[in-house]
Amino acid sequence: MDFNILVINPGSTSDDIGYYRSEKAVFEVTVRYSMADLEPYEGKNVTEQLPLRRKIILDYLLDHHVPLTEIDAVIGRGGFIRSVQGGVYAVNDKMVSDLETGKYGGIHPSNLGGILARDIARYAKCPCFVANPVVIDELQPLARYSGMPDNPRISIFHALSQKRVARLIADKIGKPYEKLNCIVCHGGGGISIGAHRQGKVVDVTNGYEGEGPMTPQRSGSVPGAKLVQMCFSGELTEREIRLKLRGKGGLIAYTGTSDVKELEEFIRTGKKRPGSLIACSPTQAKEALDAMIYQMAKYIGAMAVVLEGKIDFIALTGGLMYSKYIPQEIGRQVGWLAPLYVFPGSEEKDALRVAATRALSDPKIVQQYT
């Protein structure tokens with residue numbers, strides 16, 4: 001059946017919006033917010049931005065002559081709710097309350113996805129959903145052990161992207177995702193690497209908190225004793241420690257920038273762009289980039305052990321894979337494990353569109369959040 005779907009994928013400084021009649025995009029746009037746009041909301045709950053973001057979405061619908069009564073469903077990116085199994089969820093009062101209060105994991109811009117979906121769906125008088133939120137938890141019992149009973153490993157990762165890409169490749173090779181074993185690496189500002197066993201992500205690095213490899217902005221797993229020493233040295237505040245872990249860790253700490261495209265250009269030419277924040281030599285930049293790639297490959301190898309070597313394919317996705325060098329180097333290091341597929345960028349808008357279409361076609365798959 002053909003449905004008209006509005007997709008909303010909020011980020012820290014942007015909104016990824018798409019409207020589709022059946023599979024045809026009426027519009028797809030990434031709205032980027034400047035520092036001036038967001039300055040009035042500095043230090044406030046991210047939900048204060050709802051009027052700004054809602055108006056922009058409604059304006060785009062108006063500009064493209066989309067009547068609200070035409071919309072069959074609105075689907076948003078899933079934010080920080082309680083841990084759930086993968087799938088499509090109806091947005092209800094309980095979910096909105098948890099998203100607004102940050103009860104689980106705090107207030108993150110992705111929380112706006114479900115709230116905006118319900119707001120606009122009320123105008124349109126249609127169903128609203130989220131799908132495969134970042135807090136999907138399908139970990140096998142042994143994967144929860146961290147070594148500290150009061151600090152277990154938890155599942156927060158690029159679930160929407162990972163599962164969409166895994167299903168696309170499964171379709172390509174002609175087998176159900178639920179019958180395959182694979183490893184999926186999503187690489188962007190954060191990196192998450194998951195072991196998918198027959199439709200479940202049984203182990204995954206926590207890309208939000210920075211577990212696993214270092215990333216353009218996150219430190220990844222770090223030596224614990226030194227971190228404890230830094231925490232109690234009196235020289236750094238809690239906020240400064242958290243920024244070292246997420247925000248100012250990884251490549252930005254070693255090179256001065258998290259812009260991988262700029263770094264690769266600097267490594268290749270030895271020249272910096274005007275206003276560049278790079279604070280190292282081309283040799284140092286290359287070594288830091290290679291270290292990140294090395295760590296990504298190492299954690300892919302760890303997930304191969306989780307799957308006991310029974311791997312149908314390895315998938316690389318996310319913004320980092322627009323680079324030619326990064327997937328090439330990862331492939332050189334892990335390509336012997338299984339066939340390698342590269343999907344640059346994000347499949348998230350399409351994943352949400354497909355999820356909403358499935359939910360409308362078969363309402364029995366829609367889960368209720370409690």
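Residues numbered from 1 in each chain as written. Predicted model: local features only at pLDDT ≥ 70, side-chain atom pairs only at ≥ 80, totals over all residues. Heavy atoms only, no water.

(A) Up close: the packing of helix 3 (residues 93-101) against helix 4 (residues 112-124). Contact pair helix 3 / helix 4: the axes reach a minimum separation of 9 Å and the direction vectors enclose 135 degrees. Taken as axis vectors, helix 3 and helix 4 run oblique relative to one another. In the packing of helix 3 onto helix 4, the handedness of the crossing is left-handed. Contacts between helix 3 and helix 4 pair Asp-93, Val-96, Leu-99 and Glu-100 from the former with Gly-114, Ile-115, Arg-118 and Arg-122 from the latter. (Axes fitted to C-alpha atoms, helices over the stretch in contact; angles between N-to-C directions. Helix = DSSP H or I, 4+ residues; strand = E, 2+ residues; numbered from the N terminus. Parallel < 35°, antiparallel > 145°, perpendicular 65-115°, else oblique. Left-handed = near helix turned anticlockwise from the far one by under 90°. Contact = heavy atoms within 4.5 Å.)

(B) Geometry of the pairing of strand 2 (residues 14-21). With respect to burial, strand 2 is a largely interior element, 6 of its 8 residues being buried. Two strands pair when backbone bridges link them, and strand 1 (residues 4-10) and strand 2 are joined in this way by 7 bridges, in the antiparallel orientation. Across the sheet, residue Pro-10 finds its bridge partner in strand 2, namely Asp-15. The hairpin turn running from strand 1 into strand 2, its antiparallel successor, is 3 residues long. Pairing analysis gives 8 bridges linking strand 2 to strand 3 (residues 24-32), with the strands arranged antiparallel. Following the sheet pairing, Tyr-20 is matched in strand 3 by Ala-25. In this antiparallel pair of consecutive strands, strand 2 and strand 3, the connection spans 2 residues, and Ser-22 shows a positive phi of 55 degrees. (Buried < 20%, exposed > 50% of the residue type's maximum accessible area, 1.4 Å probe, protein only. Pairing = 2+ DSSP bridges.)

Keep in mind these values describe shape, not function.
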